[in-house]
Amino acid sequence: MTHKDSKNDSLRNIAIIAHVDHGKTTLVDAMFRQSGTFREGQETEERLMDNMELERERGITITAKNCSIRWKGKKINILDTPGHADFGGEVERALSMVDGAILLVDASEGPLPQTRFVLNKALRAGLKIIVVINKIDRQDARPEQVLNEIYELFLDLDALEEQLEFPILYANGRAGVVKTTLDEEGENLHVLFDTILREIPAPAFSKTDPFQMLVADLSYSDYLGRLAIGKIISGSARSKENLICIGEDGKHRPLNISRLQVYDGPALKDTDRAESGDIIVLSGIDEVHIGDTICTRESPKALKRISVDEPTVSMRFTANTSPFSGKEGKYVQSSKIWERLKKESLKNVSMKVEQAGDGEGFIVKGRGEFQMVILIETMRREGFEICVGRPEVIYRYENGKKLEPVEHLSVECEQSFTGIVTEKLSRRKGKMLAYVNHESGRVRLEFSLPSRALIGYRDEFLTDTKGTGMLNSYLAGYEEYRGEFLNRFSGSLVADRSGVGVPYALFNLEPRGQIFIVPGDPVYEGMVIGEHNREDDLNVNPCKTKKLTNMRAAGKDDAVTPTPVLPMTLERAIQFIREDEMVEVTPLSIRLRKSLLSAQRRKVRSRR
């Protein structure tokens, strides 16, 4: 480790960390507007940093993104990080590029599990933290209690003494106001900008060391090719320079920087030279991976690679093999799906892709089912047709013992629902750790629960709490396997022939269970068209029409009106299927099906 004797005072690198929906992206919008990044009256979008279509629809941040603002002649690089634990890989990469972080906490909800997850990473990295209590304009805001909860959280995470002396600011992100005390009248965000310049250390480097950079993120541009993003650890970078890249195998690959860019507001701009501590984007590199070191040919030296938590969930992806294959999508070949998944694993550190051992499809490993859902939804919009299996947790084996990932789950719901929530979670091998009553009619329960118990539980939880409950979890570690439990007590209604759903048939199937399709939907043999009331599967005919006779009687020809059907969403489909079922995903539809379509073959298999 070289001695870092100098600081680049014209720069500050910060990450914004928070739980989902505590207002990070909205605050970044206000920072852009008030730092003069946009001229007066310029048309700007809301939640500018959430530029993926999916992020805008769901109102969450999925990928960590960089931008910069200028304040009092100094440049502040800001990294907007996701608040969801499934995207933890994004957070780890972002934290490797910064020297401090703004911890944003909702003035009513207080620090939630994901806040804990991200803050723990930031404290371990030794970052300087500024605490901002946001949404103080909420009617149910309780900033004083929330501040106490934040102190408790810091102590709980074994923060160092100097980390405990964090500056505290109060914000209303939507109005673009930050103040140091609750009583004063705030006007703008200047207090926040000044606090960043004062409290966050400038990036340190050694004057004598040559150029070194750690690749923390990758991007892709259609005409520049692969882009490597990272912070300059020492030295300075120049455009058109000849450098080398040191990969995981320790091999040196020569590269020539064809273009050097830095962040200017939300966009990138070309530059000829970048100084130590700045976050830069290099193009002209084909073979580069996250964690690689880029340095000079004269003194090649690899930096410590970024370490990322291991994946805990795996899922099988295969080409679509249903009778409807190729009717709705552009890309149906296995090779195209493999290519796309490989590209995803290059850009996303926490995802791993491998060929399945039995030769059928590919196994994708990641942090959680939500991360998988986002990947599938993205591929679907790009025109892919795929079939996916049920998410499975990844077990570990140590000293002959089977270990499984365990989540720390926190539940907030009305007091009247605690009975059903506790009963269902204990049935799924959950152990209650804490019960906190806020005296407001709502309670907070904390559980230790196997990760596999959460797959398929979220929808059930929302039904049980009539949509008013909140569930949050983060990975607590691996523990000994807690034993089997049943996750689904019902079977499936399976179509026994190809055709089209008929109102008469579907109406008469309703006593058998809940139907997923509407009249006019095409079906095929082996397609799951509903949930059976009992625990075994039932082969049914959804295409059966009414027999016509020439007898007429009053009341015989009453109109059949099948019950309205809830449209099938990707999350619901993935949580519903069993081990022997798959979800067929195309750009236009989501269908459930059996892995073996033929009823005859399924019968033979069950006898075995």
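Residues numbered from 1 in each chain as written. Predicted model: local features only at pLDDT ≥ 70, side-chain atom pairs only at ≥ 80, totals over all residues. Heavy atoms only, no water.

### Topic: the confidence of the model for the protein
Scored by pLDDT, the protein comes out at a mean of 80, with 88% of its residues at no less than 70. Residue range residues 38-52 is modelled with pLDDT below 50. Its contacts to residues more than four positions away, or to other chains, number 38 contacts. (pLDDT = per-residue confidence, 0-100. Contact = heavy atoms within 4.5 Å.)

### What to know about the pairing of strand β20 (residues 313-319)
Among the seven residues of β20, six are classified as buried, and the element is accordingly described as predominantly covered. Here β20 pairs with strand β24 (residues 392-393) via two bridges, running antiparallel. Its bridge partner lying in β24, V313 is registered against V393. Of the strand pairs in this sheet, β20 and strand β22 (residues 362-366) are connected by five bridges, and their pairing is antiparallel. Of the residues in β22, the one forming a bridge with R316 is I363. (Buried < 20%, exposed > 50% of the residue type's maximum accessible area, 1.4 Å probe, protein only. Helix = DSSP H or I, 4+ residues; strand = E, 2+ residues; numbered from the N terminus. Pairing = 2+ DSSP bridges.)

### Examining the side chain of S490
Secondary-structure assignment places S490 in the loop between β29 (470-480) and β30 (492-495). Given a relative accessible area of 7%, S490 falls into the buried group. Of note is the side chain of S490, whose polar atom sits 2.5 Å from the side chain of E531. Discounting chain neighbours no more than four positions away, the residues touching S490 are E531, H532, R534, E535 and R578. (Polar contact = N/O pair within 3.5 Å; in protein donor to acceptor, adjacent residues only side chain to side chain.)

### What about the packing of aromatic side chains?
With the rule as written, the count across this model stands at seven aromatic pairs. Ring geometry for Y331 against F384: centres 4.9 Å apart, planes inclined by 40 degrees, an arrangement best described as tilted. Of this pair, Y331 sits in the loop between β20 and α8 (334-347) while F384 sits in the loop between α9 (369-381) and β23 (386-388), and the two are 53 residues apart along the sequence. A residue is classified by how much of its surface remains accessible, and F384, at 6% relative accessible area, is buried. Measuring from centroid to centroid gives 5.6 Å for Y395 and Y481, while their planes differ by 80 degrees, and the two rings are edge-to-face. Here Y395, found in the loop between β24 and β25 (396-398), pairs with Y481, found in the loop between β29 and β30; they are 86 residues apart in sequence, far enough to count as distant. Residue Y395 is classed as partly exposed on the basis of its relative accessible area, which comes to 27%. Site record: aromatic cluster; members linked through ring pairs are Y151, F154 and F166. Above the ring of Y395, the side-chain terminus of K402 is found at 4.3 Å from the ring centroid. Residue placement shows K402 over the ring face of Y481; its charged tip is 4.2 Å from the ring centre. (Phe/Tyr/Trp six-rings, centres within 6.5 Å; stacked < 30°, edge-to-face > 60°. Lys NZ or Arg CZ within 6 Å of the ring centre and 35° of its normal.)

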